Amino acid sequence: MNKVITMTACRRPEYTKQVVDSLRQCTNSSEYKFVPFCDGPHDEVIEVLESVDFCDLEVNVNERRVGHTLNTHRALSRAFELSEYVILLEDDTLLSKDFLEFHEFCSKKFKEDESVYTVSAGHYNNVDKEYSEEQRSQYKRNQWFSNQGWGTWIDRWEEPGGIKEVWEQPETVAENVYRTNYKYGGWDGLMNKHARRGR
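How each quantity is defined
- Residues numbered from 1 in each chain as written.
- Predicted model: local features only at pLDDT ≥ 70, side-chain atom pairs only at ≥ 80, totals over all residues.
- Heavy atoms only, no water.
- Buried < 20%, exposed > 50% of the residue type's maximum accessible area, 1.4 Å probe, protein only.
- Helix = DSSP H or I, 4+ residues; strand = E, 2+ residues; numbered from the N terminus.
- Pairing = 2+ DSSP bridges.
- Salt bridge = Lys/Arg side-chain N within 4 Å of Asp/Glu carboxyl O.
- Core = buried A, V, L, I, M, F, W, Y, C linked by side-chain atoms within 4.5 Å.
- Contact = heavy atoms within 4.5 Å.
- Phe/Tyr/Trp six-rings, centres within 6.5 Å; stacked < 30°, edge-to-face > 60°.
- Axes fitted to C-alpha atoms, helices over the stretch in contact; angles between N-to-C directions.
- Parallel < 35°, antiparallel > 145°, perpendicular 65-115°, else oblique.
- Nonpolar A, V, L, I, M, F, W, Y, C, P; charged D, E, K, R; others polar.

Caption draft 1: A look at the pairing of strand β6 (residues 116–120). Burial within β6 is extensive, with 5 of its 5 residues counted as buried. Taken together, the 2 bridges between β6 and strand β8 (residues 150–153) define a ladder with antiparallel strand orientation. Across the sheet, the residue bridging to S120 is W150, located in β8.

Dropping the structure here:
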């Protein structure tokens, strides 16, 4: 199976550079294909993305801004043409060194468990706290979605009525008022149980 990471980026070259630098230091990052999507032609962001030299690279640039939602859908669509499991980063998500190891473990362990819809390596804990090796490998199930360095499998992406079809498609409720459709209910997501800095 090809290993693919996609990323959305737009107008924040300093953040984008920090994310790319944190990805560079991840264990096994050289084994991945990196497929970032820049939302509109922003020269500084494109320069940062094109500077990636630690893995296979395919930079995609939208001719004009299409917004975060559509850019994310495009990034995921392209990445799933290349792999059965895709990791999505945003341009403000910093990674610990074991970020990819966590995804690799979960992508195998929970592939056949259809109750798990996404894997997220994000957390909302104290990053300065020290954790034991055993604690760092713990995860927890949540019945909500976290967009912090998340990944999912192609069968979840392509299922009828799933996120490929309803990815935050706005439904008009009244003039200039929209409701966002999510299909997260009924599935679990996995998250790191404890924060890690740098490991």
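Caption draft 2: View of the pattern of salt bridges. A full pass over the atoms with the stated rule returns 14 salt bridges. A salt bridge links R24 to D53, with the nearest nitrogen and oxygen atoms 2.8 Å apart. On the criterion of sequence distance, the pair formed by R24 in helix α1 (residues 13–24) and D53 in the loop between α2 (43–50) and β3 (56–57) is long-range, its members being 29 residues apart. With a closest N to O distance of 3.8 Å, D39 and R65 form a salt bridge. Pair noted here: D39 is in the loop between β2 (33–38) and α2 and R65 is in the loop between β4 (60–61) and α3 (68–80), with a separation of 26 residues, a long-range link. Each of K33, D56, E58, R78 and E81 takes part in one network of salt bridges that share partners.

Caption draft 3: Highlighting the nonpolar core. L23, F34 and L89 are the most contacted members of the largest nonpolar core, which has 30 residues in total. Contributions of two or more residues to this core are made by β1 (4–9), α1, β2, α2, β5 (85–90), α4 (99–109) and β6. With residues near it in sequence (within four places) discarded, F34 still touches I5, M7, V20, L23, L49, V52, C55, D56, L57 and E58. By size, the runner-up hydrophobic cluster in this structure holds 14 residues, among which are F37, A79, L82 and I163.

Caption draft 4: Local environment of the packing of aromatic side chains. As enumerated under the stated definition, the model contains 2 aromatic pairs in all. Relative to W157, the ring of F80 lies with its centre 5.4 Å away and its plane at 20°, an arrangement referred to as stacked. With F80 in helix α3 and W157 in helix α6 (residues 154–158), this residue pair connects regions lying 77 residues apart in the sequence. Residue classification places F80 among the buried positions, given a relative accessible area of 7%.

Caption draft 5: The packing of α1 against α2, seen in detail. The contact between α1 and α2 brings their axes to 9 Å, and the two run at 10°. The angle between α1 and α2 places the two elements in the roughly parallel class. Across from P13, T16, K17 and V20 in α1, the residues of α2 making contact are E44, V45, V48 and L49. Across the contact of α1 with α2, the residue classes tally to 5 nonpolar, 1 polar and 2 charged.

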